[in-house]
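Observations on the three-dimensional arrangement
Read off the chains here:
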Amino acid sequence: MTLMSKQSPALQQVVQLAEQALRRRHESSGSNEGDLGTAGYVFTGNIQQSAPHNLVMDPVLSPTDKMTWIVMRAGIQNPQMPGSIPSRQQLADAVNCSPPTITNSRNMLRICRWMTFSHQVRDNNNRFIGDVYLLH
């Protein structure tokens, strides 16, 4: 049983929107190969709280990990680009670090349960497009 099948119908719908956004990004790029740094994020926390106190005070996370979460969260509700999904390079530019550091930060955020992997998105030829994460 996948995480997707355990989600509420409302959450499944939002996750499907993130998946569709990944597909649109993939199709508009014209690339035959997936960008391994592409991911979709769905925020499942309190929408009124921009940076949760517990995130800021988490002793395990580095400042880069915390800033990565904040930038991903800010990108979800960008009114100029609804449904936009920042690539790993775009996140690295926004956080002022390298793309491998973004990968490490995403892994730390998963380990510390600030985000959860939902599923992979693939195109019609079963090529990898990106991952969908739930941001808590």
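Structural data are supplied above this passage.
Description of the structure in this document. (Residues numbered from 1 in each chain as written. Predicted model: local features only at pLDDT ≥ 70, side-chain atom pairs only at ≥ 80, totals over all residues. Heavy atoms only, no water.)

**Digging into the nonpolar core**
- Of all hydrophobic cores here, the largest spans 16 residues; its most connected members are Y41, W69, M72, L109 and M115.
- Counting residues per element, the ones that place at least two in this core are strand 1 (39–43), helix 4 (63–76), helix 5 (88–95), helix 6 (99–111) and strand 3 (128–135).
- Sequence-distant contacts of L109, that is, excluding residues within four places in its chain, are made with L55, L61, D65, T68, W69, M72, W114 and M115.
- With eight residues, the next largest nonpolar core counts V15, A18, V42 and L134 among its residues. (Core = buried A, V, L, I, M, F, W, Y, C linked by side-chain atoms within 4.5 Å. Buried < 20%, exposed > 50% of the residue type's maximum accessible area, 1.4 Å probe, protein only. Helix = DSSP H or I, 4+ residues; strand = E, 2+ residues; numbered from the N terminus. Contact = heavy atoms within 4.5 Å.)

**A word on helix 4**
- Relative to the 20 Å expected for 14 residues at 1.5 Å per residue, helix 4 spans 20 Å between its end C-alpha atoms, a close match to the ideal helical length.
- Looking only at helix 4, the buried set comprises D65, K66, T68, W69, M72, R73 and G75.
- Lining the buried residues of helix 4 we find strand 1, helix 3 (53–56), helix 5, helix 6, strand 2 (115–122) and strand 3. (Expected span 1.5 Å × (residues − 1).)

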